[in-house]
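Tertiary structure, described
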Amino acid sequence: MVVCRSGLARVSLFAVLGALGVLASSLANLAAAATSPASACPSDASGLNLPPGFCASIFADDVGHARHLVVSENGVVYVNTWSGRYYANKPPHEGGFLVALADTKHTGKADVVQRFGETVATGGAGGSGIGLYKTWLYAELNDKIVRYELPAGAVVPTGPSQTIVSGLPLTGDHPMHPFAIDSTGALYVDVATATNACQIKNRTLKSPGAQPCAELKKRGGIWRFDATKTDQVFSSSQRYATGIRNGEGFGVDTAGHRIFVTQHGRDQLHANWPDLYKAEEEATLPAEEVLLLTQGGDYGWPECYFDAGQKKLVQAPEYGGDGGKAVGPCASKLAPVAAYPAHWAPNAMVFYDKTSFPAHYQKGLFIAFHGSWDRAPYGQQGYNVVFQALSGDKAAAKCEIFADGFAGAMKAPGAAEHRPSGLAVGPDGALYVADDVRGRIYRIVYTGSGGSGGGRVTACPDAAAGAGPVSADSAKPPEGTNPDAGATLPVPSGATAAQVALGNRIFHGDIGGASCTGCHGSDGSGTPLGPNLADKEWLWSDGSMDGIAATITQGVAQPKQYRAPMPAMGGASLTPDQVKALAAYVWGLSHRPGK
């Protein structure tokens, strides 16, 4: 549930990087660093779990909210960082939103870190997308795609940016614009949807889908532009493919002239349609996808979603679906080439076209899963990088967990230490991974000898697997996770300690089927999707137990700050007594001693 309030999380500023000297290394030195043979990892501090023969180094740290990244032929890593409302409580790093990283000492760590581009002071908010084409570096900036010329041997551009495309939509649930550029200079831009499922009232209990879905005129698909032309203006005429809710990751197979794109599946099937879907199906439907991009292709959103158990697209409840049996118009839509467990959030993808990794990993896809939130109260999943082998245009086998351990002790939006959000392959075949929580950049290399690789792999869970048990982590009460561990929550006037205890169980999904922890975190301290419930500043009520209960009962259709609306009772079927108990618990969170 989302009980929207104004309290901002108490997050300190990123430590400001020290003054940077002028790059002394020559282009030849950088090229040597980029192409030198992979050696043993300089440290074992990455915390990642990798297949045998692979190791990782922390290439850079604290670069900001790192989203996508790209690596030049001379080994410079370029990262686009973002602020925006996804990071409303975390100030952006000082300096430009674009970051250049170079390893001139061949250590596996960047010893040159330079920022450039727009800043907060100049009106910038950063972005996700970044790419290279010929002598130009391209980047998403607010509602634009811009480019900078990179002179030979330069680490950062010296001239101003040029606008390639302007006027990209910034409203709604998905304001980012990841992109890819193919070998011909075609620029493919993801223009994701403003809503979850094109409901008349977004993310609201039993609200039907708009007929027709007006969003599809300028959202929900891939647009194609010319990367060599400036001053193009976004319009519906450049649409390349449609019916894609949120396609953040691109895998470009230059040799095969194929472009793969990820698909974030829709949310809240049970929360918005509890009569049609079981509580556990909130965590298991629909599948995440990889699509093969084709001109004019229609991949089904918002009328359809992919059911991995049935291995087909089925009709969405907003558009006449009956909970998974009806197919209707989905029979004519394009199905994915691969499917993955629900809500893993595929934020980035790269086609591996180098040879330094074993043959097993060549000509396949690496996918960065940012991690789930909509599986609560069941255990969250994702927070990893997987490998997907291909056979022609289809998945060759079940995917493999290639890199795990990013999240640390707990896989949850508000508690994960790191979340993979960007992928790139260097000229030497190293795989770079960006984390948008603490701005860490990982570099993964193969140090084994011979063989096909992949001798010991961890298969991904089946995309149709069950929800599993309620997460032990998400069921921990704040008394066991906060600094004042062991303290008893205070009880509001008119309530009892037994009600607070019941509210604890409802909040953590033990009773009632609510998914409060998905947005507010297991300890109520908030996530990028929902606010901190431990503060005392309220937007929707006076903060009393009755006021909190009213907000829970009515829901929040249009949040004032956070992006995720809350359906009535969080989409759960709660009795009036359970609503009161939950309100008592939330009141107690914000009235703990010292709060």
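Rules used throughout
- Residues numbered from 1 in each chain as written.
- Predicted model: local features only at pLDDT ≥ 70, side-chain atom pairs only at ≥ 80, totals over all residues.
- Heavy atoms only, no water.
- Helix = DSSP H or I, 4+ residues; strand = E, 2+ residues; numbered from the N terminus.
- Buried < 20%, exposed > 50% of the residue type's maximum accessible area, 1.4 Å probe, protein only.
- Contact = heavy atoms within 4.5 Å.
- pLDDT = per-residue confidence, 0-100.
- Pairing = 2+ DSSP bridges.
- Axes fitted to C-alpha atoms, helices over the stretch in contact; angles between N-to-C directions.
- Core = buried A, V, L, I, M, F, W, Y, C linked by side-chain atoms within 4.5 Å.
- Salt bridge = Lys/Arg side-chain N within 4 Å of Asp/Glu carboxyl O.
- Polar contact = N/O pair within 3.5 Å; in protein donor to acceptor, adjacent residues only side chain to side chain.
- Phe/Tyr/Trp six-rings, centres within 6.5 Å; stacked < 30°, edge-to-face > 60°.
- Lys NZ or Arg CZ within 6 Å of the ring centre and 35° of its normal.
- Arc of directions from axis to C-beta.

Of regular secondary structure, the chain possesses 7 helices and 30 strands. The buried share of the chain, taken over its 595 residues, is 59%. When contacts within the chain are restricted to residue pairs at least 6 apart in sequence, long-range pairs at least 24 apart make up 63% of them.

Our next topic: the confidence of the model for the chain. Of all residues in the chain, 86% attain a pLDDT of 70 or more, and the chain-wide mean is 86. Between residues 1–39, whose pLDDT stays under 50, and residues either more than four places distant or in other chains, the model counts 100 contacts.

Another point: the sheet that holds strand 28 (residues 431–435). Pairing within the open sheet is antiparallel, and its 4 strands lie in the order 1-29-28-27. Of all strands in the sheet, those bounded by a partner on one side alone are strand 1 (54–60) and strand 27 (420–425). Recorded for the sheet is a direction-independent mean angle of 25° between the axes of neighbouring strands. Both strand 1 and strand 29 (residues 441–446) contribute to a ladder of 6 bridges, which runs antiparallel. Following the sheet pairing, Phe54 is matched in strand 29 by Tyr446.

So, on to the nonpolar core. Ile548 and Leu582 are the most contacted members of the largest nonpolar core, which totals 24 residues. Per element, the largest residue contribution to this core is 9 residues, and it comes from helix 7 (residues 576–589). Counting residues in each nonpolar core, the second largest holds 23 residues, with Leu50, Phe54, Val385 and Phe406 among its members.

The tally for this structure, following the rule as stated, stands at 14 salt bridges. Here Asp253 makes a salt bridge to Arg258, at a shortest N to O gap of 3.0 Å. Here Asp253 and Arg258 have matching classes, each one buried. Arg266 is the partner of Glu318 in a salt bridge, and the nearest nitrogen-oxygen pair spans 2.6 Å. Highlighted residues: Glu318 in the loop between strand 19 (312–315) and strand 20 (338–340) and Arg266 in the loop between strand 16 (258–263) and helix 2 (269–272), separated in sequence by 52 residues. Assigned by exposure class, Glu318 and Arg266 land together as buried. A single network of salt bridges, built from pairs that share partners, joins Asp173, Arg203, Arg245 and Asp267.

The next thing to look at is the environment of Asp253. Secondary-structure assignment places Asp253 in strand 15 (residues 250–253). For the pair formed by Asp253 and Lys363, sequence separation is 110 residues and the distance between their alpha carbons is 8.1 Å. Beyond its immediate chain neighbours, meaning those up to four positions away, Asp253 contacts Arg258 and Phe351. Of the polar contacts made by the side chain of Asp253, one reaches the backbone nitrogen of Gly256; its length is 3.0 Å.

Further remarks concern the sheet that holds strand 10 (residues 179–181). Strand pairing within a sheet occurs via backbone hydrogen bonds; the two strands may be parallel or antiparallel. Taking strand neighbours across the sheet as the criterion, the 4 strands line up as 10-11-12-14 in an open arrangement whose pairing is antiparallel. Of all strands in the sheet, those bounded by a partner on one side alone are strand 10 and strand 14 (239–242). Looking at each pair of strands side by side, their axes are set apart by 20° on average, direction ignored. Here strand 12 (residues 221–226) pairs with strand 14 via 3 bridges, running antiparallel.

Overall, the coordinates contain 24 aromatic pairs when judged by the stated rule. Arranged with centres 4.9 Å apart and planes meeting at 70°, the rings of Phe366 and Phe402 form a pair that is edge-to-face. Taken together, the residues span a long stretch of sequence, with Phe366 in strand 22 (residues 365–369) and Phe402 in strand 26 (residues 400–403) at a distance of 36 residues. The class for Phe402 is buried, based on a relative accessible area of 2%. Members of the aromatic cluster, each reached through a chain of ring pairs, are Phe54, Tyr352, Phe357, Tyr361, Phe366, Phe387, Phe402 and Tyr446. Positioned above the aromatic ring of Trp136, the side-chain terminus of Arg147 is 3.7 Å from the ring centre.

A separate point is unusual backbone geometry. The omega angle of the peptide bond from Gln211 to Pro212 is -5°, so this bond is cis rather than trans. In this structure, Pro212 sits in the loop between strand 11 (186–191) and strand 12. A cis amide bond links Leu285 to the next residue, Pro286, at an omega of -15°. Here Pro286 shows up in the loop between helix 3 (281–284) and strand 17 (288–292).

Take helix 4 (residues 497–507) next. For helix 4, the full list of buried residues reads Val500, Gly503, Asn504, Ile506 and Phe507. Seen end-on, helix 4 carries its buried residues on one side only, within an arc spanning 165°. Buried residues belonging to helix 4 abut helix 5 (516–520) and helix 7. Directly after helix 4, the chain includes Gly509, whose backbone phi takes a positive value near 85°.

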